[in-house]
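Residues per chain, in single letters:
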Amino acid sequence: MTLQQEIVGTAMQMAVVSLQPGQTVYCEAGKFLFKTANVTMETRLSGPSGGGGQAQAGAAGAGGAGGPGGGMGGMLRQAMGTAMQVGQRALAGESLAFQYFTSTGGEGTVGFAGVLPGEMRALELDGTRAWFAEKDAFVAAESTVEFGIAFQGGRTGRSGGEGFVLEKFTGRGTVIIAGAGNFIDLNPTDFGGRVDVDTGCVVAFEEGIRYGVQRVGGLNRQGVMNAVFGGEGLSLATLEGNGRVILQSLTIESLANALRKAQGGDKQGPTGGLFSTNAG
């Protein structure tokens, strides 16, 4: 069942979702705006898995009838799985809980929004390719879409700043994401196979895109000039391959710096970049 949704607004968009009877959508805690009275709301620590909430319930019922997943062993495995999910989200700095909304007694309506002024986008997953998104980009999704955490380990993770932790969406259905400023869609193959961007500008990309981090220039005079005066620090994100990429025009760091400057608290000085005293 396709999720019927409409993204409205300009500077601060929101998604208005129409739910058919029995249809479920879930969101990260804090992204909910409003709902009609016939839509139930439930908060859970666990995210959907496999084929969504209904398939999960069916499997639990089969286990209770004597299947291998029933009894205390099944309950223990389920509890351990939930604890692992919560632990991953805690390490990633994500919300610990999800809110689930189900329409009862007719069509219902639910509204969601992001946390920064900017755009929203509805992505359609067909089960063949996963999508990856920056931390906090997730807003809401059908119960047939599974939410996970992807850690960019090693050298890429340590150098990548915002790219260390990514949200991962798999399965079939609609997932709604949000970012800051305006979005631009591109494919690296249209630009010679690779694009280099500020690490804070990456919103989301399809599976198959290779994400990495490279140093801005070498350890020479120009490299030092780029890092100290360029405002980008020492690293840029690299995106290679054939697939869809979504970038945003506003980074959280630049927004925070602008707010501090407006409040008279700008301590970045004329150099920016490497010597920024941004603590956030």
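See the structure printed just above.
Rules used in this analysis
- Residues numbered from 1 in each chain as written.
- Predicted model: local features only at pLDDT ≥ 70, side-chain atom pairs only at ≥ 80, totals over all residues.
- Heavy atoms only, no water.
- Helix = DSSP H or I, 4+ residues; strand = E, 2+ residues; numbered from the N terminus.
- Areas by Shrake-Rupley, 256 points an atom, 1.4 Å probe, with all protein chains shown as cover.
- Phe/Tyr/Trp six-rings, centres within 6.5 Å; stacked < 30°, edge-to-face > 60°.
- Buried < 20%, exposed > 50% of the residue type's maximum accessible area, 1.4 Å probe, protein only.
- Pairing = 2+ DSSP bridges.
- Axes fitted to C-alpha atoms, helices over the stretch in contact; angles between N-to-C directions.

1. Quick word on the overall build of the protein
No. 1: Broken down by element type, the protein carries 5 helices and 18 strands.
No. 2: Summed over all atoms, the accessible surface of the protein reaches about 13900 Å², with 56% contributed by carbon and sulfur.

2. Re the packing of aromatic side chains
No. 1: Tallied over the full model, the rule gives 12 aromatic pairs.
No. 2: The interplanar angle of 25° and the centroid separation of 5.0 Å between the aromatic rings of F32 and F101 together place this pair among those described as stacked. Within this pair, whereas F32 is found in strand β4 (residues 32-35), its partner F101 is found in strand β6 (residues 98-103), the two being separated by 69 residues in sequence.
No. 3: For F32, a relative accessible area of 25% gives the class partly exposed.
No. 4: Linked through ring pairs, Y26, F98, Y100, F138, F147 and F169 together constitute an aromatic cluster.

3. What about the sheet that holds strand β14 (residues 194-197)?
No. 1: Pairing in this open sheet of 3 strands is antiparallel, and the strands run β14-β17-β16 from one edge to the other. The strands lining the two open edges of the sheet, one partner per strand, are β14 and β16 (210-215). For this sheet, the mean angle separating the axes of adjacent strands, direction not counted, is 30°.
No. 2: The pairing of β14 with strand β17 (residues 235-240) spans 4 bridges and is antiparallel. Across the sheet, residue V197 finds its bridge partner in β17, namely A237.

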